[in-house]
Amino acid sequence: QVQLVESGGGLVQPGGSLRLSCEASGIVFRFAVMGWYRQAPGKQRELVADINSVSSTYYAESVKGRFTISRDNPTKTVSLQMNNLKSEDTAIYYCKARAGIDTYWGRGTQVTVSS
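Summary of the structure given here. All values reported here derive from a predicted model rather than from experimental measurement.

1. Some details on the environment of cysteine 95
Along the chain, the position of cysteine 95 falls in strand E9 (residues 91-99). For cysteine 95, a relative accessible area of 0% translates into the label buried. Sequence-wise, cysteine 95 and asparagine 84 are 11 residues apart; in three dimensions their C-alpha atoms are separated by 21 Å. Cysteine 95 has contacts with Leu4, Glu6, Cys22, Met34, Gly35, Trp36, Val78, Tyr104, Trp105 and Gly106, leaving out every residue within four places of it along the chain.

2. With respect to the nonpolar core
Formed by 30 residues in total, the largest nonpolar core has its most connected members in Met34, Trp36, Val78, Leu80, Met82 and Tyr93. What methionine 82 contacts, discounting residues up to four positions off in sequence, is Gly16, Ser17, Leu18, Leu20, Arg66, Phe67, Tyr93 and Val111.

3. Remarks on unusual backbone geometry
Even without a glycine there, the phi angle at lysine 76 is positive, about 55°. Locating lysine 76 in the fold gives a position in the loop between strand E7 (67-72) and strand E8 (77-82). With a relative accessible area of 33%, lysine 76 lands in the partly exposed category. Phi angles above zero are rare outside glycine, and asparagine 84 is one such case at about 50°. Residue placement: asparagine 84 occurs in the loop between E8 and E9. Looking at asparagine 84, the relative accessible area reads 41%, which means it is partly exposed.

About the criteria used
- Residues numbered from 1 in each chain as written.
- Predicted model: local features only at pLDDT ≥ 70, side-chain atom pairs only at ≥ 80, totals over all residues.
- Heavy atoms only, no water.
- Helix = DSSP H or I, 4+ residues; strand = E, 2+ residues; numbered from the N terminus.
- Buried < 20%, exposed > 50% of the residue type's maximum accessible area, 1.4 Å probe, protein only.
- Contact = heavy atoms within 4.5 Å.
- Core = buried A, V, L, I, M, F, W, Y, C linked by side-chain atoms within 4.5 Å.

Encoded structure:
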């Protein structure tokens, strides 16, 4: 049974930082492409960042220079360090794993950026 469990969301002031983590189980993690997506109210889910098996990364233009994605294969964890947060970063953040032809999603964690 595949599980992706996100943690680390919360309420933060503009300019603040949060670190999201996603722990995976039930997949061969070291070969999986791992990603973070987000969905704001009334908007479509969008890719924030992803990282492949050789740790090549992709970032959405809106988060470049502020967010950093990383992976730790021994603990089967992918993290998203988010700095200089803005109100427009407010969304539910989802972890996604692509393992072979299969795709899996976590349940999401809420990030709210507000003063």
